[in-house]
Amino acid sequence: MKDEGRITGAAHDSVIHDSAIKHVTGRAEYTDDITEPVGCLHAYIGTATVAKGRVTALDLSAVRAAPGVVAVLTEEDIPGHNDISPTGLNDEPIFTRDVQFHGQPLFAVVAESRDMARRACTLAKVSYDRADHATDIDAAEAAGYPDVTAPLTLARGDAARALAKAQHRIQGRMRVGGQDHMYLEGQIALAIPGEDDEMTVFASTQHPSEAQHMVAHALGVPANAVVVNVRRMGGGFGGKETQMNLFCTVAALAARATGRAVKLRPDRDQDMEITGKRHDFRIDYDLGFDDSGRILAVDGLFAARCGWSADLSGPVTDRALFHADNAYFYPDVRLRSRPIQTNTVSNTAFRGFGGPQGLIAAERMIEEIAYKLGRDPLEVRRANFYREGADVTPYHQQVTDNILTRLVDELEVSSDYQARRKKVLDFNAKGGVIRKGIALTPVKFGISFTATWYNQAGALLHVYSDGSIHLNHGGTEMGQGLFTKVAQVVAEAFQVDLSRIKITKTTTEKVPNTSATAASSGSDLNGMAALNAAEQIKARLVAFAAEKWGVAEDAVQFLPGRVAVGADIVPWDDFIKSAYMARVQLSAAGFYKTPEIHWDRAKGQGRPFYYYAYGAACSEVSIDTLTGETRVDRVDVLHDVGRSLNPALDLGQVEGAFVQGMGWLTSEELVWDDAGRLRTHAPSTYKIPLASDRPRIFNVALAEWSVNPERTIKRSKAVGEPPFMLPVSVFEAIGMAVASVADYRECPRLDAPATPERVLMAVERLRG
Amino acid sequence: MGKVTMTVNGRARSAEVEGRTLLSSFLRDGLELTGTHVGCDTSQCGACVVLVNGQAVKSCTAFAADLDGAEVTTVEGMANPDGSLGRIQQAFQDYHGLQCGYCTPGMVMSTAALLAENPKPTEEEVRHYLEGNICRCTGYQNIVRAVMAASGQDVGALAAE
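The written sequence of each chain sets the order in which its residues are numbered from 1. The naming scheme follows written order: chains are lettered A onward, ligands numbered 1 onward. With pLDDT at 70 or above as the cut-off, local features in this predicted model cover only qualifying residues; side-chain atom pairs require 80 or more to be listed or tallied, and sums for whole chains, interfaces and linings still use all residues. Here the side-chain values reflect all heavy atoms present in the structure, with hydrogen atoms and water set aside.

## Focus on the environment of K165 of chain A
For step 1, the next point in the chain: Think of it this way: any DSSP run of H or I at least four residues long counts as a helix, any run of E at least two long counts as a strand, and we number them from the N terminus. Checked against the element boundaries, K165 of chain A lands in helix α5 (residues 159–165).
For step 2, the next point in the chain: For the pair K165 of chain A and A297 of chain A, spaced 132 residues apart in sequence, the C-alpha to C-alpha distance is 9.6 Å.

Shown next, in the form of structure tokens:
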């Protein structure tokens, strides 16, 4: 029975994903499911087969002559700019003859069928003047490769002086691997030419406005000629924040050249060979601390494999530095980034956006201290948490909302950490083949785009005269439940059931100049923009009712499914109908910009983050010291999402992020061979976690007492990225199990991912 | 080209196909049954799983021409006769066993095959059976809960939240 006193689907309710029924019945429409226009053609991209060099001859005669081929496009066939650099550096051509990585696009074929286009691609005859290439950080450094974008330094105090004076000083190096997004739906774009200079693109993208601008630049038309639409993505994770630009522009160029609709869907191998991934890092740290385990000074150099162009490497490496403190106060500190160029795919956004690679370095340093002093790492963590009087980050933002002590204390109890740690130590003391480890690690993650201007959002809300509501905003749906959450906010504002609200595709026609759905900001930004639109309409409705009924404005109240006007109760639909008849504007464009944030990159100072999201995880693992095989026995998570907009969806984000982060740190390994070819370009060789890989016991809880102290949407917090770093606890637990073979005398210094090979090598190394 | 006839979701469907036409293409392009998704093209990810004569088959690596006379069920054929959600569909919906939804049809079909041969699987059996279906969003927790619920078992007994 429906409760007349309450709407269904209000904010904070655990309602199901808005597309759930469509997903389980197969009726949810992805870009590849859209009915193709009459005469639709298919494109495919021809790529370079060397890692670096100049194309001296590009003979495409056999390609053009192949069955079904309608057109072939090269860099000469671009009417506008041959560039899709998202930061305006002009360093990312669509097609090129100056090859910078194996798999770089050289041309595209447009044919009557996808199969014909793929087959024709293989007929190209390409000659190269090869040059020496460098695929990793060390080789690029040795060859004197430049940075792809300006590096960043964050500093406070005098790290060099403090290090020289420190009681203990440890220098070390850590390598952290990259990660492929492995979104289940690959990249895809469908371009449909329109009248005059118009082009409509359907694509799987987190950033329709950027795709719109890139297509416009490539075609040499203004932005108002291009429309980009996306109803949903089959996963994004950052892999569709800039990486769809290539596919959108090539499909649009092909559609312009042929005057017909063109679809472009690379196969999985090409998708993985062409698109950027999470940056792998080489981190050098110089750490000073005292006998009590307090950190005195840190000097860190964070070198990242950026690939051939800048893409988002600047902000990604910046965010690595922003999280190189995780939750710990560094009295004297200097952190530097080194975004180095390599002859590989141009690495890009991936859930956490460099933050995880910074955070894991902080946790490595905690391990160093704990092993050196023979202490429980959790004690060392607590000794270094931000606290009153020690609350300024390396970027000079004060940490004022620190709830981590409470969170960690609660998790320590609920996970029974102390007793289990003792059991683990006792188990290992028996000296068997199987060794165990346990670790409890925290997460503090800064929320806001560090590109301050990105922290804005728009929404478009229509209330139709029958009382039904149509909602659009600039955010995109990739499974995270953004559409559901924003609709809950609107339902709550109008006090109507969620079922009265229709959510349709994100399109640049409805909301312009949007930001990427990224940085965990989707609900924060778009929820507020939608609320702003709802408040505008409500204000008009209140003024209308006050005048028509002759009551004060505060006598008008929105109740579940009805409106109270003085002593009268008017059903919602009737109320809206009378407002329409009285010529009240029932549509509004909402807008929001995050307050209070500012960032001076040159000085390395400011308040880049509106607030922080917190979390902690306790993980216990077993390793086999003869094979390196790892098993996660139990995980307990306590995570902070403020006042959750939808606890069921938020729990799903935490669980999914945890397992994805576990993959990053344990099984997912990218391998390039000597020729510069990516050899892990399909799920057959690139191993993401399976259903059977997950923790044997997996207890996930939200910190229900947490309320965002900032005025965010319904006092919730962002949830997309922060939980991705919780599985650092798994990684560190593996390290403890490894360290047990040398009686914990030495920091295990595992590099990530801790694959069975690496675990085995670390065991052998520690055994000496 | 040759003629192939199959029963798809209870309906006889015939078409002229090339020898190399994949079952996934036959369903998606020929019959507009786009609930069957192609994720990796190489039978690794499981988004394309359908039932062929009751067995779970990855349709991206099966030839339509080989399946003359077969009985094929896709996710579009999983609803009850009255159009309401089937019990597996209902469980995936109720237990939030989905996020982006791209793997969902394959998960639903693999679950149907599992429960046909093992109506009350243990959690470990579920996790082992679903190894051929990749999900990148959920961490599998709610998917496993949904499968257990669809088999009529107590989901509260799972080691979940």
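From this point on, the discussion continues.
## Notes on the confidence of the model for chain B
For step 1, the next point in the chain: Here pLDDT means the predictor's own confidence in every residue, given as a number from 0 to 100. Confidence along chain B averages 95 in pLDDT terms, with 97% of residues attaining 70 or more.
For step 2, the next point in the chain: ipTM for the predicted complex: 0.97, alongside a pTM of 0.98.

## Describing the domain arrangement of chain A
Residues and elements named next belong to chain A.
For step 1, the next point in the chain: Domain start and stop positions are those given by an automatic or database domain assignment. Domains assigned within chain A are domain 1 (20–29 + 456–593), domain 2 (34–132 + 181–274) and domain 3 (281–450 + 601–767).
For step 2, the next point in the chain: When each unit is reduced to the centre of its C-alpha atoms, the spacing between domain 1 and domain 2 is 37 Å.
For step 3, the next point in the chain: Contacts are residue-level and defined by heavy atoms, with any inter-residue pair within 4.5 Å sufficient. With 23 residues of domain 1 at the interface, the matching set in domain 2 holds 20 residues.
For step 4, the next point in the chain: Counting each side, the surface lost to burial between domain 1 and domain 2 is near 1700 Å², with a carbon and sulfur contribution of 51%.
For step 5, the next point in the chain: In short, buried area is how much 1.4 Å probe accessible area vanishes from two parts on joining, totalled over both. If you sort the residues of domain 1 by the area they bury against domain 2, E29, M478 and T508 come out on top, with a joint share of 33%.
For step 6, the next point in the chain: Distance and chemistry together define a polar contact, namely a pair of N or O atoms within 3.5 Å, with one atom able to donate a hydrogen and the other to accept it when in protein, and with adjacent residues in sequence counting only for side-chain atoms on both sides. Summed over the shared surface of domain 1 and domain 2, the result is seven residue pairs in polar contact (both at pLDDT 80 or more).
For step 7, the next point in the chain: Listed by contribution, the elements that provide at least two residues to the side of domain 1 that touches domain 2 are α1 (20–25) and β20 (506–507).
For step 8, the next point in the chain: Considered class by class, the residues forming the side of domain 1 that touches domain 2 number seven nonpolar, eleven polar and five charged. Amino acid classes used here: Ala, Val, Leu, Ile, Met, Phe, Trp, Tyr, Cys and Pro are nonpolar; Asp, Glu, Lys and Arg are charged; the rest, including Gly, are polar.

## Quick look at the pattern of salt bridges
For step 1, the next point in the chain: Salt bridges are defined by distance alone: a side-chain nitrogen of Lys or Arg within 4 Å of a carboxyl oxygen of Asp or Glu. For the structure shown, the criterion picks out 57 salt bridges over all chains.
For step 2, the next point in the chain: D41 of chain B serves as the salt-bridge partner of R265 of chain A, at 3.3 Å between the closest nitrogen and oxygen. Residue R265 of chain A is found in the loop between β12 (262–264) and α8 (268–274), and its partner D41 of chain B is found in the loop between α1 (23–30) and β3 (49–52); the two belong to separate chains.
For step 3, the next point in the chain: Judged by its relative accessible area of 13%, R265 of chain A falls in the buried class. Residue exposure (1.4 Å probe, protein chains only): buried if accessible area is under 20% of the type maximum, exposed if over 50%, otherwise partly exposed.

## Overview of helix α13 (residues 417–429) of chain A
Residues and elements named next belong to chain A.
For step 1, the next point in the chain: Any helix carries an expected span of 1.5 Å times its number of residues minus one. For α13, with 13 residues, the first-to-last C-alpha span of 18 Å sits near the 18 Å given by 1.5 Å per residue.
For step 2, the next point in the chain: Against α11 (377–384), α12 (404–414), β16 (434–447), β27 (611–624), β28 (630–639) and α18 (728–739) lie the buried residues of α13.
For step 3, the next point in the chain: One or two steps after α13, the chain reaches G431, where phi turns positive at roughly 75°.

## Details of empty space enclosed by the protein
Unoccupied space between atoms shows up once a probe the size of one water molecule is rolled over them.
Residue and element names in this part refer to chain A.
For step 1, the next point in the chain: Here a cavity denotes grid points, spaced 1 Å and computed from the protein atoms alone, that fit a 1.4 Å probe unable to get out, and a pocket denotes an open set having protein on both sides within 12 Å along at least 5 of 7 lines; residues with an atom within 4 Å of a point are the lining. Grid points are joined across faces, edges and corners, and a volume is the space filled by probe spheres set on the points. Here the structure, examined in full by the defined rule, presents nine cavities of 30 Å³ or more.
For step 2, the next point in the chain: Counted as a void, the largest cavity has a volume near 170 Å³.
For step 3, the next point in the chain: In terms of lining residues, the largest cavity is bounded by 18 residues, among which I84, E92, L246, I274 and W308 are the most central.
For step 4, the next point in the chain: The element contributing the most residues to the lining of the largest cavity is helix α7 (residues 244–258), with three residues.
For step 5, the next point in the chain: Grouping the amino acids of the lining of the largest cavity by side-chain chemistry returns nine nonpolar, seven polar and two charged.
For step 6, the next point in the chain: When residues are assigned to domains, the lining of the largest cavity turns out to be shared by domain 2 (34–132 + 181–274) and domain 3 (281–450 + 601–767), each giving three or more.

## Re the state of the cysteines
Residues and elements named next belong to chain B.
For step 1, the next point in the chain: Only a pair of cysteine sulfur atoms within 2.5 Å qualifies as a disulfide here. In the structure shown here, the tally under the stated rule is zero disulfides over all chains.
For step 2, the next point in the chain: C100 takes part in no disulfide bond, and the closest cysteine sulfur to it belongs to C137, at a distance of 3.9 Å.
For step 3, the next point in the chain: C100 gets classed as buried once you look at its relative accessible area, which sits at 7%.

## A closer look at the interface of chain B and chain A
For step 1, the next point in the chain: Facing 43 residues of chain B, the contacting portion of chain A comprises 55 residues.
For step 2, the next point in the chain: Overall, the association of chain B and chain A removes approximately 4100 Å² of surface from exposure, summing both partners, and the carbon and sulfur fraction of that is 56%.
For step 3, the next point in the chain: Of all residues in chain B, Q99, Y102 and R136 of chain B bury the most surface against chain A, accounting for 20% of the area lost on that side.
For step 4, the next point in the chain: The interface formed by chain B and chain A contains six salt bridges.
For step 5, the next point in the chain: Taken together, the links from chain B to chain A amount to 21 residue pairs in polar contact (both at pLDDT 80 or more).
For step 6, the next point in the chain: For the side of chain B that touches chain A, the secondary-structure elements that each account for two or more residues are α2 (87–94), α3 (104–117), α4 (123–129) and α5 (141–150) of chain B.

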